[in-house]
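As a plain string of letters, each chain reads:
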Amino acid sequence: DHGIGRFQGIQTITAGTANEPPSSRLRVDSIPLNRGIIKTDMIKIEYGGNDTLFVPVDDIGLITRYGSDNPLIQLDRLGIAAWKNRRDKVRKRIKVAAEELLKIAAARHLKKAPIFAADEHFYDEFKAKFGFVETEDQMRAIEEVEEDLAKGSPMDRLICGDVGFGKTEVALRAAANVVGSNKTKTQVAVVAPTTLLSRQHFKNFSKRFEGTGVKIVQLSRLVTPTKAKEIRAQIASGEAQIVIGTHAILQKSIEFKNLGLVIIDEEQHFGVAQKERLKELRH
């Protein structure tokens, strides 16, 4: 309602009330302070221009911690239109974003996608190589991804979890479902924002798919130009089934023969140009 202010602690405010008619309460000294004393805990908030606002602690739900630790942030001033204008602009931007999301969701709903369900024998063997017991949340994520891949409509799913909570296993099983389907060879792309992450994924995927006959290649700045040319040819021919790399695999010079699944790691760390390219790939 009022913008950004600074929390200045909680104060107990004492107020007097009286039951006299309004006319007798026009002057402060007409309130008999021995009657109806009310003490209320109030949250004190300082605004720009030394303005102060008191909010009853019962209304603490109206206050949200501001997300930035920037010490230079300007406090809003009470009763000035600047905050209202900023809020109205954001509302308009949210409306535009919501309309775009609805359009994308509607378009995806109307589109068809291949049904991916890995050969049972292949998939059981693949799962058996996982050296841990799946957590409840991890298993739920895996099952939901499997359902998405098998329902014949495009999947757009976000997997969230802290480091070490097993997101990579969810990605590995999604990839196994796609490349293990009894269909024409479908390709999987795994995109990471850094060479280090890319190399880590290449190592993990190579280890888990060892002995399956699935060809996995890596494309990043560490790959020599000669090797990169060879890998690009393998991607174009469909020989390379799982392609792992940095934004190098987002270049328009990279042509996939039959791309069926894109796994994006840490999408928020990509630059604007790469994010736009990822949107194109999604379509």
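Bear in mind the structure is a predicted one, so any value in this text is a computation, not a measurement.

## Re the overall build of the chain
Each helix and strand in the chain was counted, giving 7 helices and 7 strands. What you see in the chain, going N to C, is helices and strands ordered as β-β-β-α-α-α-α-β-α-β-α-β-β-α. Relative to a compact globule of 283 residues, whose C-alpha radius of gyration would be 19 Å, the chain shows 29 Å and is clearly more extended. Residue burial in the chain is summarised as follows: out of 283 residues, 29% are buried.

## Description of the sheet that holds strand β6 (residues 242-245)
Strand pairing in a sheet takes place through backbone hydrogen bonds and is either antiparallel or parallel in direction. The 4 strands lie next to each other as β5-β6-β4-β7, forming an open sheet whose pairing is parallel. Two strands in the sheet have a free side with no partner beyond their single neighbour: β5 (216-219) and β7 (259-264). Averaged over all neighbouring strand pairs, the angle between strand axes comes to 20°, with direction disregarded. Looking at chain direction, strand β4 (residues 187-191) and β6 are connected through 4 bridges and run parallel. Each bridged residue has a counterpart across the sheet, and for A189 the counterpart in β6 is V243.

## Regarding the packing of aromatic side chains
Counted under the stated rule, the structure contains 4 aromatic pairs. Aromatic pair F122 and F126: ring centres 6.4 Å apart, planes at 20°, arrangement stacked. With a gap of 4 residues between them, F122 and F126 both fall in helix α2 (residues 120-128), about one helical turn apart. Judged on exposure class, the residue F122 and its partner F126 are both buried. Taken together, a centroid distance of 6.2 Å and an interplanar angle of 15° make the contact between F205 and F209 stacked. When its relative accessible area of 1% is taken as the criterion, F205 is described as buried.

## What to know about the confidence of the model for the chain
Averaged over every residue, the pLDDT of the chain is 88; residues scoring 70 or more account for 92%. A low-confidence stretch, residues 20-33 stays under pLDDT 50, and its non-local contacts, those more than four residues away or across chains, total 11 contacts.

## Remarks on the packing of helix α3 (residues 136-150) against helix α4 (residues 167-179)
Between α3 and α4, whose axes approach to 10 Å, the crossing angle comes to 25°. Taken as axis vectors, α3 and α4 run roughly parallel relative to one another. In this structure, α3 meets α4 at a crossing whose hand is right-handed. Packed against α3, whose contacting residues are Q138, M139, A141, I142, V145, E146 and L149, the element α4 presents E169, V170, R173, A174, N177 and V178 at the interface. Of the residues contributing to the contact of α3 with α4, the split by class is 8 nonpolar, 2 polar and 3 charged.

## Considering the pairing of strand β2 (residues 37-47)
Bridge analysis of β2 against strand β3 (residues 51-56) gives 6 bridges, and the strand direction is antiparallel. Directly across from M42, in β3, lies its bridge partner P56. Linking two consecutive strands that pair antiparallel, namely β2 and β3, is a turn of 3 residues; a positive phi of about 70° is found at G49 within it.

## A short note on the environment of G180
Assignment of secondary structure puts G180 in the loop between α4 and β4. Since its relative accessible area comes to 9%, G180 is described here as buried. With sequence-adjacent residues up to four places away left out, G180 is seen in contact with A117, A118, D119 and F122.

## A few points about the pairing of β5
Residues I216 and Q218 line one face of β5 and the alternating positions V217 and L219 line the opposite face, and both faces are buried. For the crossover from β5 across helix α6 (residues 225-237) to β6, the handedness is right-handed.

## Details of the side chain of Q218
Among the secondary structure elements, Q218 is positioned in strand β5. When its relative accessible area of 15% is taken as the criterion, Q218 is described as buried. Beyond its immediate chain neighbours, meaning those up to four positions away, Q218 contacts S198, R199, F202, V223, I231 and I244.

## Overview of the packing of α4 against helix α5 (residues 195-208)
The geometry of a pair of packed helices is captured by two quantities: the angle between their axes and the separation between those axes. Contact geometry of α4 with α5 gives a least axis separation of 11 Å together with a crossing angle of 55°. In terms of orientation, α4 and α5 fall into the oblique class. As α4 packs across α5, the resulting crossing turns out to be right-handed. The residues of α5 that touch α4, namely those facing T168, E169, A171, L172 and A175, are H201, N204, F205 and R208. Of the residues contributing to the contact of α4 with α5, the split by class is 4 nonpolar, 3 polar and 2 charged.

## Here's the deal with the environment of V170
If you trace the backbone, V170 turns up in helix α4. Judged by its relative accessible area of 5%, V170 falls in the buried class. Through-space distance from the C-alpha of V170 to that of I159 is 8.3 Å; in sequence the pair is 11 residues apart. Filtering out sequence-adjacent residues up to four positions away, V170 remains in contact with Q138, A141, I142, V145 and I159.

The rules behind these values
- Residues numbered from 1 in each chain as written.
- Predicted model: local features only at pLDDT ≥ 70, side-chain atom pairs only at ≥ 80, totals over all residues.
- Heavy atoms only, no water.
- Helix = DSSP H or I, 4+ residues; strand = E, 2+ residues; numbered from the N terminus.
- Rg over C-alpha atoms; globule rule 2.2 N^0.38 Å.
- Buried < 20%, exposed > 50% of the residue type's maximum accessible area, 1.4 Å probe, protein only.
- Pairing = 2+ DSSP bridges.
- Axes fitted to C-alpha atoms, helices over the stretch in contact; angles between N-to-C directions.
- Phe/Tyr/Trp six-rings, centres within 6.5 Å; stacked < 30°, edge-to-face > 60°.
- pLDDT = per-residue confidence, 0-100.
- Contact = heavy atoms within 4.5 Å.
- Parallel < 35°, antiparallel > 145°, perpendicular 65-115°, else oblique.
- Left-handed = near helix turned anticlockwise from the far one by under 90°.
- Nonpolar A, V, L, I, M, F, W, Y, C, P; charged D, E, K, R; others polar.
- Right-handed = clockwise from strand over helix to strand, strands pointing away.

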